[in-house]
Amino acid sequence: MIIMKADATPEQIKHVVKEIKRHGLRADISRGEYKTVIGLIGDERKIPFTHFAALPGVREAMMVETPYKLISWEYSRFFEGAGEGMVIKVGSIEIGGYEPIFIAGPCAVESKAQLFKIAEGVKQAGAHILRGGIFKPRSSVHSFQGLGSAGQEEAEEALTWLREAGKKFEMPVITEIRGETQVDLVAEYVDILQIGARNMYDQDLLAKAAKKGKPVLFKRHFGAGIEEFLSFAEYIAAEGNKDIILCERGIIPIGKGKSYTRYTLDLAAVPAIQKETYLPVLVDPSHSTGRRDLIFNMSCAAIAAGASGLMIEVHYNPQEALVDGQQMITPEELRDVISACQRIHKLIAPEINKN
Ligand code: PEP
Ligand code: MN
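Numbers given for residues are sequential positions, taken from 1 along each chain in its written order. Ligands are numbered from 1 and chains lettered from A, in the order in which they are written. Per-residue local features of the predicted model are confined to residues with pLDDT of at least 70, and side-chain atom pairs are confined, for both listing and counting, to 80 or more; whole-chain, interface and lining totals are unaffected and use all residues. Side-chain numbers here rest on the full set of heavy atoms in the structure, without hydrogens or water.

### Some details on the coordination of the manganese ion (ligand 2)
At step 1: Donor criterion used throughout: N, O or S atom within 2.8 Å of the metal, extended to 3.2 Å for Na, K and Ca. Water excluded; incomplete-looking sites may result. Donor atoms from the polypeptide that bind the manganese ion (ligand 2) are Cys107 (SG), His287 (NE2), Glu313 (OE) and Asp324 (OD), placed at 2.0 to 2.3 Å.
At step 2: Positions of the donor residues of the manganese ion (ligand 2) along the chain correspond to the pattern C-x179-H-x25-E-x10-D. On the criterion of sequence distance, the pair formed by His287 in helix α10 (residues 285–289) and Asp324 in the loop between β14 (309–313) and α12 (331–352) is long-range, its members being 37 residues apart. The same class applies to His287 and to Asp324, which are both buried. Put simply, DSSP marks the helices as runs of H or I at least four residues long and the strands as runs of E at least two long, and each gets a number from the N terminus on. Type-normalised accessible area, obtained with a 1.4 Å probe on protein chains alone, sets the label of each residue: buried when under 20%, exposed when over 50%, and partly exposed for intermediate values.

Here's what the structure looks like:
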């Protein structure tokens, strides 16, 4: 990490970046009002820090030894508003701001009518952002893969519905990109790109999505440790996109016998991640529990754990959903979840921010 002097000139910054490139690394430039900080992307052991410290305009040059430096608190210490978590703005919605944010909608978009009915319901329930899967990651090739999998035309049609529903009910929209070939298309229609748990390790997909310059909701793989999760989030940041919303969605359950939950919701990961990075952390109580009767409790618990919001699957009639009906709640139930979460948040927020 190179910290430039407050009066460093653009030429001096350019020179430092050139020197970084000459040593085979890339530079992440963060320009604050008062100072510029340059993060190094690549093997920092190749950098002669004493040489860099002596360059004109440089105040300090130091090695940061974590696999996720660009998203670390240590790096952000030199930004404006140091010590505060990052607030990601999507339209008028602020993720990571004071209020918890609720992303809701169907697991999969099934028809225009289904999507619009759910969109209206979640909006009335108090949701801020509309979700809906168009390319679904599924364990069986024989099950419904999402409308987008039928072809380009079908994908565009479903994406158009999503955009229209968002417009009509005044919510930004999010959908998952399951592979690199979908990135350009999906980015044309949605406000936030979702990278699902199964793709957490796909660094080419991460880089391609990051380059779209839109916020990325990044889900933890069910077998990934926290350090691994953050290390892969760093791939997005390394492309110059720090609008990363992290999402805990459950890890593989342990032990023999029936688990009673689809995954194990790792709620301690929320404050643990917050100690490491300034990025906001959301929780998905739907995929983690796989049970609609656990959503209320685990949503409340997630907010109590300090999550910046939740992603919840909703359907007006879960029984008829093509995917994940067992974990979907109704818009009426969502209203209760949101109301309880908001009350909990109000109670604990001042204390949580002190820790
Ligand atoms: C989803 O949110 O639609 C989804 C498939 O979740 P995950 O990637 O966490 O399994
Ligand atoms: Mn689902």
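### A short note on the packing of aromatic side chains
At step 1: Only rings of Phe, Tyr and Trp enter the pairing, Trp through its six-membered ring, and a pair is recorded when the two centres are within 6.5 Å. The plane angle decides the type: under 30 degrees is stacked, over 60 is edge-to-face, the rest tilted. According to the stated counting rule, one finds 6 aromatic pairs in the structure shown.
At step 2: With a centroid separation of 6.3 Å and 75° between ring planes, the pair formed by Trp73 and Tyr278 is classed as edge-to-face. With Trp73 in helix α3 (residues 73–76) and Tyr278 in the loop between α9 (269–276) and β13 (281–283), this residue pair connects regions lying 205 residues apart in the sequence.
At step 3: Using a relative accessible area of 3% as the deciding quantity, one classes Tyr278 as buried.
At step 4: Measuring from centroid to centroid gives 5.2 Å for Tyr201 and Phe232, while their planes differ by 80°, and the two rings are edge-to-face. Remark: Phe232 occurs in helix α8 (residues 226–237) and Tyr201 occurs in the loop between β10 (192–195) and α7 (203–210); sequence separation between them is 31 residues.
At step 5: For Tyr201, a relative accessible area of 30% gives the class partly exposed.
At step 6: With relative accessibility at 14%, the residue Phe232 sits in the buried group.
At step 7: In textbook terms, an aromatic cluster arises when at least three aromatic residues are bridged by ring pairs, as seen for Tyr201, Phe232 and Tyr235.
At step 8: Charge-over-ring placement is defined geometrically: NZ (Lys) or CZ (Arg) within 6 Å of the ring centre, and within 35 degrees of the ring normal. Lying over the aromatic face of Tyr316, Lys117 brings its terminal NZ or CZ to 4.2 Å of the ring centre.
At step 9: Against the face of Tyr263 rests Arg249, its NZ or CZ located 4.2 Å from the ring centre.

### Considering the environment of Ser288
At step 1: You can see Ser288 is positioned in helix α10.
At step 2: The exposure class of Ser288 is buried, given its relative accessible area of 1%.
At step 3: Residues count as neighbours in contact if any of their non-hydrogen atoms are within 4.5 Å of one another. In contact with Ser288, other than residues within four places in its own chain, are Arg249, Gly250, Thr261, Arg262, Tyr263, Thr264 and Leu265.

### Quick notes on the sheet that holds β14
At step 1: On the basis of which strands lie adjacent, the closed barrel formed by 8 strands has the order β7-β8-β9-β10-β11-β12-β13-β14 and parallel pairing. Adjacent strand axes in the sheet meet at a mean angle of 25°, parallel and antiparallel pairs treated alike.
At step 2: As paired strands, β13 and β14 are joined by 2 bridges and run parallel to one another. Opposite Val283, over in β14, you have Leu310 as the bridge partner.
At step 3: Note on geometry: axes are lines fitted to C-alpha atoms, helical ones only across the stretch in contact, with angles between N-to-C directions running from 0 to 180 degrees. Contacts between helix α11 (residues 295–304) and the sheet are confined to β13 and β14, with β14 contributing the most and set at about 160° to the helix. Pairing between strands requires that DSSP locate at least two bridges from one strand to the other.

### Side note on the site of ligand 1
At step 1: Arg131, Lys136, Pro137, Glu176, Gln194, Gly196, Ala197, Arg198, Lys219, Arg249 and His287 make up every residue found near ligand 1.
At step 2: Note that an oxygen atom of ligand 1 is positioned 2.9 Å from one of the side-chain N or O atoms of Arg198.
At step 3: One of the side-chain N or O atoms of Arg249 is found 2.6 Å from an oxygen atom in ligand 1.
At step 4: Exposure was quantified through the Shrake-Rupley algorithm and a 1.4 Å probe, taking into account, for residues, occlusion by the shown protein chains and nothing else. Protein contact buries 97% of the 290 Å² of open area that ligand 1 shows by itself.
At step 5: Class assignment of the residues belonging to the shell around ligand 1 gives a composition of 2 nonpolar, 3 polar and 6 charged. Only heavy atoms are used to decide nearness, and a residue is near a molecule or strand if one of them lies within 4 Å of it. Any pair of nitrogen or oxygen atoms within 3.5 Å is treated as a polar contact; in protein, a donor-acceptor pairing is required on top of that, and neighbouring residues in sequence qualify only through side-chain atoms on both sides. Under the grouping applied here, Gly and all other residues not named as nonpolar or charged are polar, the nonpolar ones being Ala, Val, Leu, Ile, Met, Phe, Trp, Tyr, Cys and Pro and the charged ones Asp, Glu, Lys and Arg.

### Quick notes on the pattern of salt bridges
At step 1: Whenever a carboxyl oxygen of Asp or Glu lies within 4 Å of a side-chain nitrogen of Lys or Arg, that contact is scored as a salt bridge. Under the criterion given, the structure shown has 17 salt bridges.
At step 2: Asp284 serves as the salt-bridge partner of Lys219, at 2.7 Å between the closest nitrogen and oxygen. With Lys219 in strand β11 (residues 216–219) and Asp284 in the loop between β13 and α10, the pair connects residues that are 65 residues apart, well separated along the chain.
At step 3: Its relative accessible area of 1% is what places Asp284 among the buried residues.
At step 4: Three or more residues are tied together by salt bridges with common partners; here these are Arg26, Lys211 and Glu239.

### Description of the sheet that holds strand β4 (residues 58–61)
At step 1: Strand order across the open sheet formed by 4 strands is β2-β3-β1-β4, with antiparallel pairing between neighbours. Of all strands in the sheet, those with a lone pairing partner are β2 (26–31) and β4, marking the two edges. Geometrically, the sheet is characterised by an average inter-axis angle of 20° between neighbouring strands, direction not taken into account.
At step 2: Across 2 bridges, the pairing between strand β1 (residues 2–4) and strand β3 (residues 36–41) is antiparallel. For Ile2, the partnering residue across the bridge sits in β3 and is Ile38.
At step 3: Where helix α1 (residues 10–22) meets the sheet, it contacts β1, β2, β3 and β4, and its direction lies at approximately 10° from that of β3.

### Quick look at the packing of helix α4 (residues 112–125) against α12
At step 1: For the pair α4 and α12, interaxial distance at closest approach is 8 Å and the crossing angle is 25°. In terms of orientation, α4 lies roughly parallel with respect to α12. Considering only the axes of α4 and α12, their crossing is right-handed. Between α4 and α12, the residues in contact are Gly121, Val122, Gln124 and Ala125 and Pro331, Leu334, Arg335 and Ile338, respectively.
At step 2: Here the contact of α4 with α12 is built from residues that sort into 5 nonpolar, 2 polar and 1 charged. Orientation is classified from the angle alone, with under 35 degrees giving roughly parallel, over 145 giving roughly antiparallel, 65 to 115 giving roughly perpendicular, and any other angle giving oblique. A crossing counts as left-handed when the near helix is turned anticlockwise from the far one by less than a right angle, and as right-handed when that turn is clockwise.

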